[in-house]
Amino acid sequence: MLKSTMSATLVLVLHLFVLHLQYSEVHSLANTSAHDFSYLEFVYDANDTELEGTYDYIIVGGGTAGCPLAATLSANYSVLVLERGTLPTEYPNLLTSEGFIYNLQQEDDGQTPVERFVSGDGIDNVRGRVLGGTSMINAGVYVRANTSFFNQTGIEWDMDLVNKTYDWVEDTIVFKPDFQFWQNLTGTAFLEIGILPDNGFNLDHIEGTRLTGSTFDNNGTRHASDELLNKGDPNNLRVAVHAAVEKIIFSSNSSGVTAIGVIYTDSNGTTHQAFVRGEGEVILSAGPIGSPQLLLLSGVGLT
Ligand SMILES: Cc1cc2nc3c(=O)[nH]c(=O)nc-3n(C[C@H](O)[C@H](O)[C@H](O)COP(=O)(O)OP(=O)(O)OC[C@H]3O[C@@H](n4cnc5c(N)ncnc54)[C@H](O)[C@@H]3O)c2cc1C
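Note that the structure is predicted; figures quoted are calculated from it, not measured.

**Quick notes on a nonpolar patch on the surface**
- A contiguous nonpolar surface patch, about 370 Å² in accessible area, is contributed by Phe149, Ile155, Trp157 and Met159.
- Among the secondary structure elements, Ile155 is positioned in the loop between helix H4 (147-153) and helix H5 (159-173).

**Section: the confidence of the model for the chain**
- When pLDDT is averaged along the chain, the result is 91; 91% of the residues meet or exceed 70.
- Taken as a whole, residues 1-24 scores under 50 in pLDDT and shows 61 contacts with residues more than four places along the chain or in a different chain.

**Focus: the pattern of salt bridges**
- Evaluated as defined, the whole model comprises seven salt bridges.
- When salt bridges with common partners are traced through the structure, they connect Arg84, Glu115 and Arg127 into a single cluster.

**Quick look at the packing of aromatic side chains**
- Per the counting criterion, the structure on display carries six aromatic pairs.
- Measuring from centroid to centroid gives 6.1 Å for Phe149 and Trp157, while their planes differ by 50°, and the two rings are tilted.
- Accessibility expressed as a relative area gives 42% for Phe149, which makes it partly exposed.
- Trp157 gets classed as partly exposed once you look at its relative accessible area, which sits at 33%.
- Cation over ring: Arg238 sits above Tyr44, and NZ or CZ is 4.3 Å from the ring centre.

**Looking at the sheet that holds strand E12 (residues 256-265)**
- Strand order in the open sheet formed by seven strands is E1-E10-E3-E2-E13-E12-E11, and the pairing between neighbours is mixed. Only two strands of the sheet have a single neighbouring strand rather than two, namely strand E1 (43-45) and strand E11 (244-253). On average, each strand axis in the sheet is tilted by 40° relative to the strand beside it, whichever way the strands run.
- With four bridges joining them, strand E3 (residues 79-82) and strand E10 (residues 237-241) adopt parallel strand pairing.

**Let's talk about the pairing of strand E2 (residues 52-60)**
- In terms of burial, E2 is a largely internal element, seven of the nine residues being buried.
- Direction of pairing for E2 relative to strand E13 (residues 271-284): parallel, over a ladder of eight bridges. Each bridged residue has a counterpart across the sheet, and for Ile59 the counterpart in E13 is Ile283.
- For the crossover that starts at E2, traverses helix H2 (residues 66-73) and ends in the parallel E3, the hand is right-handed.

**Details of unusual backbone geometry**
- Here the amide bond leading from Leu196 into Pro197 is cis, since omega sits at 5°, within 30 degrees of zero.
- With respect to the helices and strands, the residue Pro197 is situated in the loop between helix H6 (181-192) and strand E7 (198-201).
- One non-glycine residue, His242, lies in positive phi territory at about 55°.
- Considering the arrangement of structural elements, one finds His242 in the loop between E10 and E11.
- Its relative accessible area of 21% is what places His242 among the partly exposed residues.

**Here we look at H5**
- Taking 1.5 Å of rise per residue, 15 residues should cover 21 Å, and H5 covers 21 Å from first to last C-alpha, within 8% of that figure.
- Three or more residues of H5 are buried, namely Val162, Tyr166, Val169, Glu170, Thr172 and Ile173. Angular distribution of buried residues about the axis of H5 spans 165°; they occupy a single face of the element. For H5, the exposed residues lying more than 90 degrees away from the buried face are Asp160 and Lys164.
- Contacts from the buried residues of H5 go to strand E6 (141-142), H4 and strand E9 (213-214).
- Where H5 starts, the residue carrying a side-chain oxygen 3.1 Å from the main-chain nitrogen of Asp160 turns out to be Asp158.

**A look at the site of the ligand**
- Close contacts around the ligand come from 25 residues, with Thr64, Glu83, Arg84, Thr134 and Val141 the closest.
- Gly128 places a main-chain nitrogen or oxygen 3.3 Å from an oxygen atom of the ligand.
- Within the backbone of Val141, an N or O atom sits 2.8 Å from a nitrogen atom of the ligand.
- Protein contacts shield 77% of the accessible area of the ligand, which totals 1,000 Å² for the unbound molecule.
- Elements with a contribution of two residues or more to the shell around the ligand: strand E5 (124-128), E11 and helix H7 (287-297).
- Per-class residue counts for the shell around the ligand are eleven nonpolar, eleven polar and three charged.

**Thoughts on the environment of Gly287**
- Mapped onto the elements of the fold, Gly287 is located in helix H7.
- Along the backbone, Gly287 and Tyr57 are 230 residues apart, and their C-alpha atoms lie at a distance of 18 Å.

**Some words on the environment of Thr86**
- Summarising the element assignment, Thr86 is placed in the loop between E3 and helix H3 (99-105).
- With near-sequence residues (within four places) excluded, Thr86 lies in contact with Tyr91, Arg129, Val130, Leu131, Val241 and His242.
- Polar side-chain contacts of Thr86 include one of 3.1 Å to the side chain of His242.

**Structural notes on the nonpolar core**
- Within the largest apolar cluster, 17 residues are counted, with the highest numbers of intra-cluster contacts made by Val79, Leu131 and Leu229.
- Only E2, H2, E3 and E10 provide two or more residues apiece to this core.
- Core analysis: the second largest hydrophobic core is formed by 16 residues, Ile58, Ala243, Val245 and Leu294 among them.

Rules of the game
- Residues numbered from 1 in each chain as written.
- Predicted model: local features only at pLDDT ≥ 70, side-chain atom pairs only at ≥ 80, totals over all residues.
- Heavy atoms only, no water.
- Patch = residues over 30% accessible without salt bridge, like charges linked within 9 Å, V, L, I, M, F, W, Y side chains within 5 Å.
- Areas by Shrake-Rupley, 256 points an atom, 1.4 Å probe, with all protein chains shown as cover.
- Salt bridge = Lys/Arg side-chain N within 4 Å of Asp/Glu carboxyl O.
- Helix = DSSP H or I, 4+ residues; strand = E, 2+ residues; numbered from the N terminus.
- pLDDT = per-residue confidence, 0-100.
- Contact = heavy atoms within 4.5 Å.
- Phe/Tyr/Trp six-rings, centres within 6.5 Å; stacked < 30°, edge-to-face > 60°.
- Buried < 20%, exposed > 50% of the residue type's maximum accessible area, 1.4 Å probe, protein only.
- Lys NZ or Arg CZ within 6 Å of the ring centre and 35° of its normal.
- Pairing = 2+ DSSP bridges.
- Axes fitted to C-alpha atoms, helices over the stretch in contact; angles between N-to-C directions.
- Right-handed = clockwise from strand over helix to strand, strands pointing away.
- Expected span 1.5 Å × (residues − 1).
- Arc of directions from axis to C-beta.
- Polar contact = N/O pair within 3.5 Å; in protein donor to acceptor, adjacent residues only side chain to side chain.
- Near = heavy atom within 4 Å.
- Nonpolar A, V, L, I, M, F, W, Y, C, P; charged D, E, K, R; others polar.
- Core = buried A, V, L, I, M, F, W, Y, C linked by side-chain atoms within 4.5 Å.

Spelled out as structure tokens, the structure:
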């Protein structure tokens with residue numbers, strides 16, 4: 001318990017630090033509102049999904065990256081999202097700022113939205129196990145990517161598209177916080193010790209001191225990536241929860257090896273298969289631990 005309290009305190013301190021070290025032009029942001037669960041109309045329990053299905057895209061992991069990706073692809077393609085965790089409606093305190101620390105301290109019973117693990121070098125850590133992924137349990141600090149990130153990837157990014165993407169994400173789940181006294185005090189202290197320039201309120205990841213956005217609104221309601229599913233086309237989008245992907249199915253031919261589907265189990269242990277058609281793809285967005293883990297389980301990366 002002492003360890004988890006210390007971890008939670010460290011997260012809070014980091015939250016405070018990041019809040020004042022992060023700063024673009026700020027356009028419109030989201031309005032304070034209830035968490036929007038409209039997407040539930042196309043969410044199913046894996047127990048109720050077919051034993052075999054075919055889609056244009058299969059997305060493994062309904063988390064921070066998986067939900068907006070699914071919504072984007074659903075404009076033109078049929079998409080299946082497979083999420084091992086449950087719905088955030090099962091744990092209402094996920095949706096409150098007070099619930100942030102509580103959930104980080106809760107015992108992990110194998111179903112709870114916070115999965116505990118210890119890294120190879122002995123550091124206690126956590127990751128999300130719920131629709132919305134780690135954005136449903138994190139500290140809610142929002143910042144745009146640093147430009148060096150785009151430069152270092154070696155990819156030719158369409159920055160107009162990137163900026164449009166920021167806009168719809170920010171219009172939906174990012175808020176300008178009512179900064180508290182202690183936060184302003186810390187910002188002033190940073191400026192006094194020379195962390196310059198003073199960038200005011202800004203969402204860009206730039207040098208200096210700034211106040212950044214939050215995915216908690218000013219009523220203390222958490223907003224998260226699951227709400228980005230609401231931007232998808234309900235006719236093309238199917239989300240299965242309690243769907244733990246066990247393996248990627250590969251097919252090889254003369255032109256190489258291709259991922260053509262996945263095997264997943266529901267909460268009764270029943271096995272299902274889903275396949276992609278044509279030029280479709282299996283996309284791994286199971287997190288920085290979950291994605292490589294699944295590749296290893298599928299025989300990729302083993303020596
Ligand atoms: C305590 C804490 C505080 C943080 N605070 C911040 C912050 O304030 N600001 C910030 O920008 N970042 C923060 N982060 C980091 C940030 O939340 C993560 O980097 C980010 O959410 C990861 O996104 P992702 O899409 O890669 O993975 P996730 O959001 O974790 O999504 C992966 C999803 O895949 C699912 N999954 C995994 N394996 C399988 C499988 N085999 N089958 C089916 N589904 C599977 C998981 O259940 C999960 O829902 C914080 C992280 C933690 C732990």
